[in-house]
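Letter by letter, the chains look like this.
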Amino acid sequence: APQPTPGTPYLQSGRLFPPAIGGHVGLNKQTLKQMDAILKELGVPVEPIATKRSMDLYDGVRKDALTLLVLQKVVMKKEAEVISKRTKLIKL
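Residues numbered from 1 in each chain as written. Predicted model: local features only at pLDDT ≥ 70, side-chain atom pairs only at ≥ 80, totals over all residues. Heavy atoms only, no water.

(A) Spatial organisation of the packing of helix α1 (residues 29-41) against helix α2 (residues 52-91). Interhelical geometry of α1 versus α2 gives an angle of 120 degrees and a closest axis separation of 10 Å. Here α1 lies oblique to α2, going by the angle between them. Regarding α1 and α2, the two cross each other, and that crossing is right-handed. Residues T31, Q34, M35, I38 and L39 of α1 pack against Y58, V61, R62, A65, L66, L68, L69 and K73 of α2. (Axes fitted to C-alpha atoms, helices over the stretch in contact; angles between N-to-C directions. Helix = DSSP H or I, 4+ residues; strand = E, 2+ residues; numbered from the N terminus. Parallel < 35°, antiparallel > 145°, perpendicular 65-115°, else oblique. Left-handed = near helix turned anticlockwise from the far one by under 90°. Contact = heavy atoms within 4.5 Å.)

(B) Geometry of the environment of Y58. For Y58, the location among the structural elements is in helix α2. Distance from Y58 to V44, taken between C-alpha atoms, is 8.1 Å for residues 14 residues apart in sequence. When near neighbours in sequence (up to four residues on either side) are disregarded, Y58 contacts L16, L39, V44, P45, V46 and P48.

(C) The arrangement of the side chain of T31 in detail. Positionally, T31 belongs in helix α1. Given a relative accessible area of 7%, T31 falls into the buried group. If near-sequence neighbours (up to four positions away) are discounted, T31 is found in contact with L66, L69 and K73. (Buried < 20%, exposed > 50% of the residue type's maximum accessible area, 1.4 Å probe, protein only.)

(D) View of the nonpolar core. The biggest cluster of nonpolar side chains holds ten residues, and these are L16, L32, M35, I38, L39, M55, Y58, A65, L66 and L69. Where this core is concerned, the elements lending two or more residues are α1 and α2. Excluding residues within four positions of it along the chain, L16 makes contact with E47, P48, M55, Y58 and R62. (Core = buried A, V, L, I, M, F, W, Y, C linked by side-chain atoms within 4.5 Å.)

What follows is the structure, given as structure tokens:
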């Protein structure tokens, strides 16, 4: 999201763009599609009215959706790890 600086105005609609894709820190396309699916399921409009308050809420919901997706991935990895350790214990 653009950072406001004194004397440099910006449009709130500039915050509608998805987070960066690719790179070391960026998100992949699949994660963005999953985030969009979550937003659609919650009934969030694709392009909300670009006011400061609505954009703050929109950014917050997107951040929470991404956090949910990251936590789901971590849980799936941990569950797979538990299953593999259980199978090793059974073999002993």
